[in-house]
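So the chains spell out like this:
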Amino acid sequence: MARGSRNPKSRTSTAGNGGQVRIISGKYRGRKLPVADLQGLRPTTDRVRETLFNWLQGDTLNARVLDCFAGSGALGLEALSRHAASVTLCELDKGAASQLQRNLTTLGADNATVICGDSLHRLSTSATETYDLVFIDPPFHKGLAQPVIDRLDQHGWLNDNALIYLETETDLAPLAIPANWQPLKQKQAGQVCYRLYQRQEV
């Protein structure tokens, strides 16, 4: 969901929600939260999110979650609503990060953290914490998916059996997925391809 690093993706509809993101299910179900008015911000659509969280089922429960390109917060906030233990929202744009923090305050959520900064820079260092569920939804056509995948795998950010969600443009060249990332699900919606992997213990 856009803008966690460097440049934005093209705008896509949020299923009629305009400048808001709607939480689909969980303890914040039905809440509509404002989205920063930024050119190129592309929240993951309701349709895609619903499919993703159907795939995940109860895997968000007590999970430590990282949203690498938080943007509107649609993925990370949905996981938070579905009883994740903690959610880290990384977002490069200061305006979007400030809106995410305001939305957390509105929800009264004290188990989520907004980090305003470049995901690639943060993931380039040895892991300071590890995650059970990671969302990778970078700006399209900027070549960011592969370096994030590489850094997550090489610097120890993933727990054994961690789940990794990857959302990219359909015309993206094939990615080098780590051998121990088992593909679980894959689907396409328009110009978006989205996949779910599980990291296997080496």
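What you see is a predicted model; the values in this text were computed from it and never measured. (Residues numbered from 1 in each chain as written. Predicted model: local features only at pLDDT ≥ 70, side-chain atom pairs only at ≥ 80, totals over all residues. Heavy atoms only, no water.)

Chemist: Honestly, the packing of aromatic side chains in this entry has me stumped. Any pointers?
Modeler: Any two aromatic rings considered together are summarised by their centre-to-centre distance and by the angle between their planes. As enumerated under the stated definition, the model contains 6 aromatic pairs in all. On the basis of an interplanar angle of 50 degrees and a centroid distance of 6.1 Å, the ring pair of W181 and Y197 is categorised as tilted. A residue pair is termed long-range when its members are at least 10 positions apart, and W181 in strand β8 (residues 181-189) and Y197 in strand β9 (residues 192-199) qualify at 16 residues. In textbook terms, an aromatic cluster arises when at least three aromatic residues are bridged by ring pairs, as seen for F53, W55, F135, Y165 and Y194. (Phe/Tyr/Trp six-rings, centres within 6.5 Å; stacked < 30°, edge-to-face > 60°. Helix = DSSP H or I, 4+ residues; strand = E, 2+ residues; numbered from the N terminus.)

Chemist: Mind showing me how you'd approach the side chain of R195 here?
Modeler: Considering the arrangement of structural elements, one finds R195 in strand β9. For R195, which is buried and forms no salt bridge, the nearest opposite charge comes from E169, at a distance of 7.4 Å. A polar atom in the side chain of R195 sits 2.6 Å from the side chain of T168. Not counting residues within four places of it along the chain, the set of residues in contact with R195 comprises W55, I164, Y165, L166, T168, K185 and Q186. (Buried < 20%, exposed > 50% of the residue type's maximum accessible area, 1.4 Å probe, protein only. Lys, Arg positive; Asp, Glu negative; His and termini not counted. Salt bridge = Lys/Arg side-chain N within 4 Å of Asp/Glu carboxyl O. Polar contact = N/O pair within 3.5 Å; in protein donor to acceptor, adjacent residues only side chain to side chain. Contact = heavy atoms within 4.5 Å.)

Chemist: Where do I start with the environment of V48 in this structure?
Modeler: You can see V48 is positioned in helix α1 (residues 46-56). According to the relative accessible area criterion, V48 is buried, its value standing at 4%. Linking V48 and K187, residues 139 residues apart in sequence, is a C-alpha distance of 9.1 Å.

Chemist: Before we go on, may I ask you to explain unusual backbone geometry in this structure?
Modeler: Glycine aside, the phi torsion of most residues is negative, and most peptide linkages are trans. Backbone geometry places Q57, a non-glycine residue, at a positive phi of 50 degrees. Tracing the chain through its elements places Q57 in the loop between α1 and β3 (64-67). Residue H141 is not a glycine yet carries a positive backbone phi of 60 degrees. Summarising the element assignment, H141 is placed in the loop between β6 (131-136) and α5 (145-154). In this structure H141 comes out as exposed when scored by relative accessible area, which is 55%.

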